[in-house]
Amino acid sequence: MDMNGSTNGHANVGVEASLSHPSQNGNTTLLPRIQQALELVHSTYSSNQSRQEASAYLERVKTDNEAPYHGFALASDHSQQPIVRHYALSILEYAIRHKWPEYSQEQAMILRGWVMQLSKNIISEDPQYLRNKTAQLWVEIAKRSWADDWLDMDELLVQLWELQGPIVYKEFVLFVLETLSDEVFNSEDTVAALRVGVLSKACVEIFTPAIVLAEVFPRRSSATVVRYGEQGWLVRLGELLDQCLGPDGAQNAQYQSCAVKLLAVYKSVMPWAVPRAIASASCVQRMCTSLAASTVSVQLASVECLHAIYCRLNFTDEEFLSLLCPIYTSQMVDLLRKLFEWSVVNPHDIDDEKYLFAKKFSEMMSNLGGYIAQNISAIPEDCDLPNLLNLFLSIVQSPSFLISIPVLVTWTHLLRSEAIGGSPIINSLIAPLLELCSSRLIRYESISEESDDPSLIFLLEDIDTIPERHAFLGNYRRYSMLIIELIVVQKQSGAMYHILSQVDTALEHLYDGQPPFNAATYSKTSLIVLRVDCQFSVVEAALKGYMKWRAGHGSKPQVDEQQTLTMESSIEAWCGKLLDIDFDDPIIRKRILQLAVAFSTQALDKNTDFMLKVLQHLLMIRYVEVPEHPAYSEAVKELLAEGVYELQRLASKMPDQLIDVYPQLEEKVHDIISSGTVDAKRQVSYQMFIFTIIHRTTKIEPDARLQKLREFIVPVTQIWQNRELDGALSSFGGFFELLGLSKVRDYLVSRNVNSIADWGSYALDDEGQAMQKELDERVKALPLRITKSFLGCSTDKIDKNTIPYQVSCELWRDSLLVILPNLLKFLGHAHAFHNAENWIGLPTEMRPIVSRILTDRFWQAGISEGSKDDFYARVSGTKSTLEGFASSIRGAVRTVREACYGILWCMSKLDGDFYGFSELPEPLAHALFADTHCLSSHQLISLLGVVRMIIEDCPLSLRDHFVPPILATCFTQMDNKCSSEWTRLTQKQVTVNNEGDNLTNEMKEESILRQLTHAAVMMVGGLLDPAKENSGEKSQSSKEASTYVTTTESAYPTMRKFCLGSVVVLEPLLLFCTHAIRMRDGRCAGVVLRIFRSIVPEFDKSDDTAFIREFISTEVLQACILSLHEPYFVDLQKDLAQLIATILICYSRITDTPKQVLCSIERVNSNAVDKCVDYLLRQSVPPRQQRALVLDLLRDLKGVSVSEQFRISKPVAVTKEYSKMQQRFMKTGQAAKLERQLSPNLDGVSGIFDEGQ
């Protein structure tokens, strides 16, 4: 069999002849060869070579001019095997998708006629995939010609619909309607997007009853008639649904299947259909009837329809009454309750169908409930709100968090409404709601996966990955705490007393059924600790609610004031009792102290006696470490650290009360420090405590305050003036000696550590352990930690218009001159330490150990083996090994590096006293970035964070002087680092097949690189954010002290305009962003594409920016095209096309460069480029059409359709599929906020209003 020659045995005839008068010779020779090739492809006995040759031949057949006729002939022959007929249909599909523009009107009519004939000839015995493929051909033609030269499509559909006999014709029509709706309104289909105005208008026309169309669009044009009959498809669909669910159809499997398909059309149509048409056709009522069907698939489809309609953004009062209120009636609420009760499943034996229904049902109910709070005044009296609210309570009480959380969010909306939250109908629900939210604040992520808790079983079943699980639980806790907070705001004392009494009861019975406390078996995630944390989290939420109520009350001043006094008296008594409970568990004690300080600084902020009692408890912590019980000792360390932190909170929040007892406090702190029982770090913390009191109080005269504060700062400054320190920092070798690292180097060489494979199993000898201890002591002796601490106290959370801030500037002004030179040397040397070339005295063959020593160990959820606690236990267990020694080395340098970052950030809070030094920017940039190429991605994330904050804090008047050198160097280095790391990682993944530990390390490496890239692109996004305005010129009260002279200006550009106007900054920034488009990180590339879309229009006018415009027109455009063609970037295809369109729209009138780049692509025709650009330059072309034009132009990159290439190569998802709402719950921060989804793109529908006026 010849698979390489002409497909039909003779020269190809013209396109016109091929469709109108096909060659008979081709017919007789081609069909057998096609059949033979298909047999080879699908036969299990064919060799790979034969199968590949046959597949290539079948693909060539599709390109033949006569192929459509042969495809029609084969598809029409019911005697052929289904797989042959399916291939025949794919021939027709190829002709429609790829050759339609080449066909004349007559040829198009012939092709359409074939598809119509195939559609009429479908039979029940045809496999479903054949019928669907035929319907898809109908849709493909409709997208190209309906409402243009094909006006009777609706009539043809109705004729098929009304054919007597098997229901197969109606199912065919349903598939056409659903697919057409999806591709016109809900997809990025290129062909549909190019005609979206015409197609969307036509869809509205054929679905809407004629009477509603006339009412809603009285001035619509009737020049082109595309609808048939008065009913419209919404009415026809409803009538068939009644039939399917009627007595005859309820027991008929075929009718039930048809009902599911019909409801799928409803689901597709509901987001865009005219609301009055939905009401007129009784769609909601029919969906509700479907809910009561006996088939689960019908019920599920109905829930999805209701969910689709109630996801719409808003309804008028009339639409609310007609589309939502019917659901609120007693009959419907009763049905909804029965459905929910029916859907409850056993966590140990989950019925997947029921469970899926329950999750969809909950999301639908959440949307339904969201409208109650918005339209409470419009709800008629016959609506059964009490039972509906009871149903919401039942749903939120579900042991499955995924079922519970949508309605949990709904409760936050309901309780915010005064009409609902303050209504008597909700009183009976408050207690169970409080109990539920309180019980679910426990940290499930810390509970063993072996637990039999139903909620945990469901959670593990629903969410596979640990990061998603943690994010989900964090969001669940956030909403639960918000509900507790809102209940306290609404119910005040009643809720607060109830919560505090519940905590008392829980603490009284804390150890019931549990073994007594034992330090030897201690775990800070024990069930007892988790229960206490849960209870105290409830109290913290209640406290937040109380403070909101106290800040907002005032309608009844005397009553409210008396209630406040009574409540705060009760709160004080409760807190006092809590403080006096003696718990052996240090973590429980830590939580008690945290809670006591929170009450003291908020609800009891005027109660000095209580504050002093809390202070006494903080100063008298008696817990001691027990070395033989490391877990317990770590918990004690945590408690002690928290104690000094809470002291600091008291000092910053209540300095005026503390200053009254300052002499006693000063004496007490002196005694504690002199006792020799506290380490150096805690000694500094105690000094910070009394420093903060003096710094923040308003009861000391300025001169006296400054004098007292200088007693703390002068000794610190003197350390920085030490000549030995100056000498040590004058060279990298001196820095090496200062930290004792030369001894470390010699020790490593003497032990020949490069030949030791497993450092974790190599025990340190006495010399190594002594050196390890000396390294730690040398780092503690440096002035970095104490400087950072006092600078932090001086600048943290202080308004720049206050006296404490002015005092800070005065206090540190002279010290900055002393500290900064050596600080930059510290930082530069700490970075240089990561460069093996600087390790003088280390043999060349041992240089690789530098990278090994400086590779941070860290735990990553979902990648690292075991839990975080397991990881820390392993790290702790290797302390006395060579691995622990390496950890001490990098820990010492990390301490120096991060202390320098912290000091610089604190200094940046001092405005002109820091930024005004004329010679600072270049040395600072050098210290920050000179050796960043040797830092790991993990370390660079911290560096980027501090650079971002320093840049953001820069006073507006000093930006020109300070910012350009820092940002230019930063983005140059980030570009080099990210680009080289992504290149290296990509090459490594292609050439190496790692397994086990190597694979885990590679996954960690990639994960951290993604985090670094994301940090960098988000920094760009922050700098170029068009919505970010200047906060106003910052205080320059200390500017006269700087060595830099500025000129006074009335206004300054925003950071965005500043960066776009500075070539020094813009050039490396644009280079980084351009390269980021090609980095294999979809999230980061997506951010960069949005950034480019926002800045491209900035360079479409001025000749001064021509070089930037040319760069974007070449480099950026080429990067977009390369990524567009690469399978990895399939999910960014829409964003890439939009940026290409933006470049063409903004620049094509000014320069031919974008066109030239496009024309240089193989198989992209210059006429097609001109046509595309001309269309894009028309006014008011919607974004969806812009993207479609670009994707259509580039559909044949390298001879393969982009859409087809991606369709084949996109990997099959192996993780669970989640709804959009569920996905939002598995994100953190702002991403987790829920918003009702936007309506689909209705370009063209709005045009109905304007026509014929």
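Going along each chain's sequence as written, the residues are numbered from 1 onward. Side-chain atom pairs in this predicted model are given and counted only at pLDDT of 80 or more, local residue features only at pLDDT of at least 70, and totals for whole chains, interfaces and linings cover all residues. With hydrogens and water set aside, each side-chain value is computed from the structure's full complement of heavy atoms.

**Some points on the overall build of the protein chain**
Item 1. For the protein chain, the helix and strand inventory stands at 60 helices and zero strands.
Item 2. Throughout this description, buried means an accessible area under 20% of the type-specific maximum (1.4 Å probe, protein chains only), exposed means over 50%, and partly exposed covers the range between. Split into buried and exposed, the 1253 residues of the protein chain put 54% on the buried side.
Item 3. Contacts: residue pairs with any heavy atoms within 4.5 Å of one another. Excluding contacts between residues fewer than 6 apart, the proportion of contacts in the protein chain whose partners are at least 24 apart in sequence is 76%.
Item 4. Of the accessible surface of the protein chain, which amounts to about 54500 Å², a share of 51% is contributed by carbon and sulfur atoms. Numbering goes from the N terminus for both helices and strands, where a helix is a DSSP run of H or I of at least four residues and a strand is a run of E of at least two. Working definition of accessibility: Shrake-Rupley area with a 1.4 Å probe, residue cover restricted to the visible protein chains.

**Examining empty space enclosed by the protein**
Item 1. A pocket here means an open set of points on a 1 Å grid, computed over the protein atoms alone, that has protein on both sides within 12 Å along at least five of seven lines. A cavity is instead a set of points where a 1.4 Å probe fits but cannot get out; residues with an atom within 4 Å of a point line either one. Grid points are joined across faces, edges and corners, and a volume is the space filled by probe spheres set on the points. Counted under the stated rule, the structure contains three cavities of 30 Å³ or more.
Item 2. Its volume calculated, the largest cavity comes out at about 90 Å³.
Item 3. Lining the largest cavity, in full, are Ala75, His78, Arg85, Leu89, Leu118, Asn121, Ile122, Asp126, Leu130, Arg131 and Thr134.
Item 4. Taken together, the elements giving at least two residues each to the lining of the largest cavity come down to helix 5 (82–99) and helix 7 (128–145).
Item 5. With three residues, the single largest contributor to the lining of the largest cavity is helix 7.
Item 6. Throughout, the ten residues Ala, Val, Leu, Ile, Met, Phe, Trp, Tyr, Cys and Pro are labelled nonpolar, Asp, Glu, Lys and Arg are labelled charged, and all others, Gly among them, are labelled polar. Of the residues contributing to the lining of the largest cavity, the split by class is five nonpolar, three polar and three charged.

**Overview of the packing of aromatic side chains**
Item 1. Centres within 6.5 Å are what make two rings of Phe, Tyr or Trp a pair, Trp counting through its six-membered ring; a difference in plane orientation under 30 degrees is then read as stacked, over 60 as edge-to-face, and the rest as tilted. Per the counting criterion, the structure on display carries 37 aromatic pairs.
Item 2. Arranged with centres 5.0 Å apart and planes meeting at 75°, the rings of Phe401 and Tyr444 form a pair that is edge-to-face. Of this pair, Phe401 sits in helix 22 (residues 401–416) while Tyr444 sits in the loop between helix 24 (427–439) and helix 25 (454–462), and the two are 43 residues apart along the sequence.
Item 3. Since its relative accessible area comes to 2%, Phe401 is described here as buried.

**Re the packing of helix 55 (residues 1133–1147) against helix 58 (residues 1183–1193)**
The description of two packed helices rests on the angle between their axes and on the distance between the axes.
Item 1. For every element, the axis is a line fit to its C-alpha atoms; helices are fit only across the contacting stretch, and the angle between N-to-C directions ranges from 0 to 180 degrees. Here helix 55 crosses helix 58 at 95°, and the two axes come no closer than 8 Å. Considering their axes alone, helix 55 and helix 58 lie roughly perpendicular with respect to each other. Facing helix 55, whose interface residues are Gln1133, Lys1134, Ala1137, Gln1138, Ile1140, Ala1141 and Ile1145, helix 58 presents Pro1183, Gln1186, Arg1187, Val1190 and Leu1191.
Item 2. Tallied by class, residues from the contact of helix 55 with helix 58 come to seven nonpolar, three polar and two charged. For classification purposes, an angle smaller than 35 degrees is called roughly parallel, one larger than 145 roughly antiparallel, one from 65 to 115 roughly perpendicular, and anything else oblique.

**Here's the deal with the pattern of salt bridges**
Item 1. Salt bridges are counted wherever a side-chain nitrogen of Lys or Arg sits within 4 Å of a carboxyl oxygen of Asp or Glu. Tallying each qualifying case throughout the model produces 63 salt bridges.
Item 2. Between Lys590 and Glu638 there is a salt bridge, with the nearest N and O atoms lying 2.8 Å from each other. With Lys590 in helix 30 (residues 586–601) and Glu638 in helix 32 (residues 630–653), the pair connects residues that are 48 residues apart, well separated along the chain.
Item 3. The exposure class assigned to Lys590 is buried, which follows from its relative accessible area of 12%.
Item 4. The shortest N-O distance in the salt bridge between Asp1192 and Arg1195 comes to 3.3 Å.

**With respect to the side chain of Arg236**
Item 1. Tracing the backbone through its elements, the reader meets Arg236 in helix 13 (residues 233–245).
Item 2. Neither His nor the chain ends contribute to the count of charged residues, in which Lys and Arg are positive and Asp and Glu negative. An unpaired buried charge is present at Arg236: no salt bridge exists, and Asp154, the closest side chain of opposite charge, is 4.7 Å distant.
Item 3. Dropping the residues within four chain positions of it, Arg236 is found in contact with Val158, Trp161, Tyr228, Gly229 and Gln231.

**Focus: the confidence of the model for the protein chain**
Item 1. Looking at the protein chain, pLDDT values average 87 and 89% of them are 70 or higher.
Item 2. Note that residues 1198–1215 has pLDDT below 50 and, in this model, 26 contacts with residues that lie over four places away or in other chains.
Item 3. How sure the predictor is of each residue is captured by pLDDT, a score from 0 to 100. Low pLDDT (under 50) marks residues 1234–1253, which in the prediction has 52 contacts with non-local residues, meaning those over four places away or in another chain.

**Concerning the environment of Leu391**
Item 1. By the element assignment, Leu391 lies in helix 21 (residues 385–396).
Item 2. Leu391 gets classed as buried once you look at its relative accessible area, which sits at 0%.
Item 3. As for Leu391 and Arg337, which are separated by 54 residues in sequence, their C-alpha atoms are 6.2 Å apart.
Item 4. The contacts of Leu391, once residues within four sequence positions are left out, are Val333, Leu336, Arg337, Phe340 and Met365.

**Some points on a negative patch on the surface**
Item 1. On the surface, Asp349, Asp351, Asp352, Glu353 and Glu461 cluster together to form a negatively charged patch.
Item 2. By the element assignment, Asp349 lies in the loop between helix 19 (330–342) and helix 20 (352–374).
Item 3. Among the residues examined, Asp349 registers a relative accessible area of 58% and is labelled exposed. Patch membership is restricted to residues that have no salt bridge and whose relative accessible area is over 30%. Joining uses 9 Å for like charges and 5 Å for the nonpolar side chains Val, Leu, Ile, Met, Phe, Trp and Tyr. By convention, charge coordinates are those of NZ in Lys, CZ in Arg, CG in Asp, or CD in Glu.

**Describing helix 11 (residues 196–207)**
Item 1. One less than the number of residues in a helix, times 1.5 Å, gives the span that helix is expected to have. The end-to-end C-alpha distance of helix 11 is 16 Å, a good match for the 16 Å that twelve residues give at a rise of 1.5 Å each.
Item 2. Most of helix 11 is tucked away: ten of the twelve residues are buried.
Item 3. When we look at burial in helix 11, the residues that qualify are Val196, Leu199, Ser200, Lys201, Ala202, Cys203, Val204, Glu205, Ile206 and Phe207.

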